[in-house]
Amino acid sequence: MKTKIIYRILSALVVLSSLVVWQGCKPKAPGSVTMGDAANKAFVPPGKYDEFYNIVSGGFNGQIGVYGIPSGRLFKILPVFSVFPESGYGYSEETKPMLNTSHGFVPWDDLHHIALSTTKGEHDGRWAFANANNTPRVARVSMKTFRTEEILEIPNSGGNHSSPFITENTEYLVAGTRFSIPMGNKDVPISSYKENFKGSISFIKVNPSDGKMNIAFQLRTPGFNYDLSRAGKGPSHGWFFFSCYNTEQAYTLLEVNASQKDKDFIMAVNWKKAEEYIAQGKGRIEKAKYAHNVYDESTHSATSTMQQEVTVLDVMEFPDIVYFIPCPKSPHGCDVDPSGEYIVGSGKLAAMMPVFSFTKIQKAIANKDYEGDFSGIPVIKYESALHGEVKKPGLGPLHTEFDDKGNAYTSMFVSSEIVKWNVKTLEVLDRVPTYYSIGHLSVPGGPTAKPHGKYVIAYNKITKDRYLPTGPELTQSAQIYDISGDKMQLILDFPTTGEPHYAEAIPASMVSPNSLKIYKLEENKHPYAAIGEGQAKVVRKGNEVHVSMTAIRSHLTPDNIEGVRMGDVVYFHLTNLEQDWDVPHGFAVKGNAGNAEILVMPGETQTLKWTPDEVGVIPFYCTDFCSALHQEMSGYIRVSPAGSNTPLKFSTGVIEDSNAGK
Amino acid sequence: MKPYLLIFLIGLLAIGCGQPTTTNESTAVAEPLGGGQSTVQDETSEPDVVRIAVGSPDHTTLVAALKSAKYVDALSNAGPFTVFAPTNAAFDKLPAGTVEGLLKPESAAALKNILEYHVYVGVIKEEYVQDGMTLNQVNLENVTLNKKDGKITVNGANVLGVAKASNGIVYIIDTVLLPK
């Protein structure tokens, strides 16, 4: 809907601009300088593709939004951690296991960050990873199907915020706990924080061939808050950097008590070293309970397996894995530049940003240039690790992305602006306002070794003076800035679904050629698939009635079903027989309490469960407008009283009554 | 919305006048497009720190300074802020000509530094103030709060009153805080 609105506005503007040309010249108005050629730069003509995909987290909607850049057009809402009645995600029997956790079925989460898979530090267009901030999980989304293929729960975590950042060859993605907790479900006083609370950082191994994830090991770390992270790359490959706050170890009124110290930490982790210790069997196996949910493309079904243990390395016992670097005032963003040499810490309460040097960090470690220790872990002297400080860049620095010319772009939440600065000279080069309260920002390829540059996209929280009011809450928004010149130029505002946190943008050419068009029917291994109308059937198993149904333009087979009784549970297993791109069929049955529809892709099978709650003849129909005869694509199911002996039968196109056609 | 569209349309008018559309003349936006957050019409919500200052006849100098330093939009934002707001009388205590000097374009950096010394990101309510507590202000320098017999001072300046804002808290003070 929103896409349509943007579209209409753009079309209207094109018409208007051509009218204006015809009116001839008038004196130059002051506004002309501010917008300039912006509309041209963001305009993607009807019938043309966008240059980039923008994979945008949806925050509290638990989904990912897929947009085009530079048009800002919304292409898809992709459900990850939240049920999505529109597609049946979390409602169909096949997708329900995706949302299983050690707590049971959790239908929602808070999705903050995206990591696109990389090879040699560069985008490879294979997967998008995302984190669940609330019930700690990570997900893997296929960039081929734009579907969630895998969800892995994270044990020993109080909230998965510093995640799912990845190493340069996607060897690992990390999951750092936002909140420290007493490990092992201990019943202890909250005031025993310093004594009992610990952090954990999980290293999740990603299988290079199919992307399957498993927790390789977990670092047990000092008890405070772990916020964001980035892996090293190039020379710093083998290291990971985490921002930490609340090193005061406060457990109440954090807004005051976690802001006492002038400096918190960036935690540098030598994960190659940790890997060595694990290989030497030095990890400790601990009992844990966490769900691992995998979607199988051939059975079109997810399975959920409960894992029972995790390997833990306590960094206090292996002090050469972890080092702390002091970083001013509750650092939030912790970003590594494309060369891998510079690590930018953004203290969200500081009006300066330290940039650390990987070379200097290594030298300081070699020389044991420490100012002390925290829980036995060495704290490197600030000056010894420091490349330099960006002085007064703006208020509330949060996150930094990079272009391909040695520049950095930092979002400033409090002063609502993007500040461009040179990574080596630390000189501020340009600043532009954002509207308002920018959180994350994204340069295509910005976190990789090879940024694609061209645009920076701001993700904003507040739009009071930008968009028509819609009651107490207004839309969140994104803004696109052209960064091809020396000066950043705002070229477009567009509204976003949910609340955008981090996002990545990738050239369309790296993704669109691989996009799946159909699931091949001959590869469909779903146990209830009907591969052809001849296989359609209705089978009773006790009080379960399994309908193997097919859909093709423009009928369902069977479309007449009788013999279902009150007390039965009906499973509609719908196979879409189409082998044609972009022809899904939907299916819904009247009065399906607690359930939604299913949307079935060409060649796929999905199952809708229905427990009839009244006697009668109940209609069902295709919900996705599929052809000119879509309205005809429907059927009836007869529900008889419990204990009745209406025979089980099913058909399509069979006319039994004597009055037919008269 | 309306002013934004107007600017947009005027911009298009300029394009129509044969202005080259591919030059780099279209520089960064200097002024907020659409007026800025501080201009949003909203008489219903609790006032933010800027509106509190604007609504106070005793703070016209501070408001002029905030406008001069282009801080009104930032302080209208989500915050949260603790703002120490010197009264007009507090500014009057400064040596003659100081305020006028600070409002000159060439003093922009000095003015910003002073204003940022009056702002802390975070809400410190009166009951959380402890005697001897320091706050690291937006300009990166510390102020010291003291509390004696329930009376709060900041760097020795007396707190004359406290106003709760939608995006923070305002301590009205009788002396301008000067960074080192």
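Counting from 1, residues in each chain are numbered in the order their sequence is written. Each chain is given a letter, starting from A, and each ligand a number, starting from 1, according to the order in which they appear as written. The predicted nature of this model means local features are confined to residues of pLDDT at least 70 and side-chain atom pairs, given and counted, to a pLDDT of 80 or more, with totals for whole chains, interfaces and linings taken over all residues.

**Some thoughts on the overall build of chain A**
Secondary structure is summarised from DSSP: a helix means a run of H or I of at least four residues, a strand means a run of E of at least two, and numbering begins at the N terminus for each. Along chain A, the regular secondary structure elements total eight helices and 46 strands. Both definitions apply: the radius of gyration is a C-alpha atom measure, and the globule rule equals 2.2 Å times residues to the power 0.38. The C-alpha radius of gyration of chain A comes to 28 Å, within 12% of the 26 Å expected for a compact globule of 662 residues. Projected onto its principal axes, the C-alpha coordinates of chain A cover approximately 95 × 80 × 45 Å. When the 662 residues of chain A are sorted by exposure, 53% land in the buried category. The contact criterion used is a C-beta to C-beta distance within 7 Å, with each C-beta placed from the backbone. Counting only contacts in chain A whose residues sit at least 6 apart along the sequence, the fraction spanning at least 24 positions is 62%. Buried, partly exposed and exposed are defined by the number of other C-beta atoms within 10 Å of a residue's own C-beta, namely 20 or more, between the two limits, and 12 or fewer respectively, with C-beta atoms placed from the backbone.

**Remarks on the sheet that holds strand S4 (residues 142-148) of chain B**
Residue and element names in this part refer to chain B. Here the rule is simple: two strands pair whenever DSSP picks up at least two bridges between them. Overall, mixed pairing links the seven strands, which are arranged S2-S1-S7-S6-S5-S4-S3 in an open sheet. The sheet terminates laterally at strand S2 (119-121) and strand S3 (133-136), the two strands that pair on one side only. Adjacent strand axes in the sheet meet at a mean angle of 30° when their direction is disregarded. Both S4 and strand S5 (residues 151-154) contribute to a ladder of four bridges, which runs antiparallel. When the bridges of S5 are listed, Asn146 appears paired with Thr153. Convention adopted: a line fitted to C-alpha atoms gives each axis, helices being fitted over their contacting stretch, and angles between N-to-C directions are expressed from 0 to 180 degrees.

**Quick look at the environment of Arg466(A)**
All names here are of chain A. Tracing the sequence through the fold places Arg466 in the loop between strand S32 (455-460) and strand S33 (476-482). The buried category is assigned to Arg466, around which 21 C-beta atoms lie within 10 Å. With 115 residues separating them along the chain, Arg466 and Trp581 place their C-alpha atoms 38 Å apart.

**Topic: unusual backbone geometry**
Note: most peptide bonds trans; most residues except glycine with negative phi. All names here are of chain A. A cis geometry characterises the amide bond from Ile69 onward to Pro70, with omega recorded as 20°. Within the secondary structure, Pro70 sits in the loop between strand S2 (63-69) and strand S3 (74-79). Of note, His300 is a non-glycine position whose phi angle comes to about 55°, a positive value. Residue position: His300 is located in the loop between strand S18 (284-296) and strand S19 (301-314). Its identity as a non-glycine residue notwithstanding, Ser437 has a phi of 55°, on the positive side. Looking at where Ser437 falls in the secondary structure, it is placed in the loop between strand S30 (428-433) and strand S31 (438-442).

**Topic: the confidence of the model for chain B**
All names here are of chain B. Note: pLDDT gives the predictor's confidence per residue, expressed from 0 to 100. Averaged over every residue, the pLDDT of chain B is 82; residues scoring 70 or more account for 81%. pLDDT under 50 marks residues 1-32. Its contacts with residues more than four places away, or in other chains, come to 62 contacts. With pTM at 0.89, the complex prediction returns an ipTM value of 0.78.

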